[in-house]
Structures are given as C-alpha cells and as structure tokens.
Amino acid sequence: MDFSSIPLHNNVPIHHYEMVINGHRAFIDYLEKGSKIYLIHTEVPSELEGMGVASALVTRVLEDIESRGLALVPLCPYVQAYLKRHPDWNRLVQSK
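Because the structure is predicted, anything quoted here is derived from the model rather than measured.

With respect to the pattern of salt bridges
Part 1 of the argument: Scanning all chains against the criterion turns up four salt bridges.
Part 2 of the argument: Of the charged contacts, one joins arginine 25 and glutamate 18 as a salt bridge, the two residues approaching to 2.9 Å between their closest N and O atoms.
Part 3 of the argument: Given a relative accessible area of 35%, arginine 25 falls into the partly exposed group.
Part 4 of the argument: Measuring nitrogen to oxygen at the nearest pair gives 2.7 Å for the salt bridge that ties glutamate 66 to arginine 91. Here the residue glutamate 66 occupies a position in helix 1 (residues 53-67), and arginine 91 occupies one in the segment after helix 2 (77-85), the gap between them amounting to 25 residues.
Part 5 of the argument: The class of arginine 91 is partly exposed, set by a relative accessible area of 47%.

Focus on the pairing of strand 2 (residues 16-21)
Part 1 of the argument: Taken across its six residues, strand 2 has five buried, putting it largely inside the fold.
Part 2 of the argument: Between the end of strand 1 (residues 9-11) and the start of strand 2, which pair antiparallel, lie four residues, with histidine 15 showing a positive phi angle near 60°.
Part 3 of the argument: Pairing of strand 2 with strand 3 (residues 24-33) involves six bridges; the strand directions are antiparallel. Paired with glutamate 18 across the two strands is phenylalanine 27, which belongs to strand 3.
Part 4 of the argument: Hairpin connection, strand 2 to strand 3: the antiparallel pair is bridged by two residues, and asparagine 22 has positive phi, about 50°.

Cut-offs used in this document
- Residues numbered from 1 in each chain as written.
- Predicted model: local features only at pLDDT ≥ 70, side-chain atom pairs only at ≥ 80, totals over all residues.
- Heavy atoms only, no water.
- Salt bridge = Lys/Arg side-chain N within 4 Å of Asp/Glu carboxyl O.
- Buried < 20%, exposed > 50% of the residue type's maximum accessible area, 1.4 Å probe, protein only.
- Helix = DSSP H or I, 4+ residues; strand = E, 2+ residues; numbered from the N terminus.
- Pairing = 2+ DSSP bridges.

Everything listed here is a matter of geometry and, on its own, says nothing about what the molecule does.
Spelled out as structure tokens, the structure:
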C-alpha cells in the first residue's frame, strides 16, 4: 500500500510524528535536543498491522529528519531494525 499521500504531522507539543490512516493514528515518539533527535518508540494500532505502516512512517520521519539537518539517535528497536534493512539511512545516525 502507498502511504505517500497521507500527511506526516509533527505534533511538537507531545513529541510525536504521526500519520492517521483509516481513522487510526500511528506514531513515533521522539525527543529533540539541540541538533539531535532521539526516536524512542514506534506504535502502530493493531487495525493497521501488516500493512507496511510502520515502515512507511519511519521512512517519512527519516526524510523529515534529513531535511531538517538533524542527527538521528535511534533508541527504538523497530527503527534500529529498519536501519539494518536500509543501511543507506545510517548516514543520519549519530551516537548518543
């Protein structure tokens, strides 16, 4: 499924990158400090599991991080696994 037309929203007050799909909210919890962004937790509702939502969400978030010139600190296990499958994104990674 193609999620490129679904808006990615950076909900700054609660530190979530979000996408709403079929009325359900998938998100990545983050903490931004200076020029670094720590991706902490990815959550996809059970109604959206198995559709590629988490992967699409991470891709879109990494694109935003890169466009903002931030360094990535991937604390979330799903984001870490994604980076292993897509090593080209490691260009954003910075140690803690």
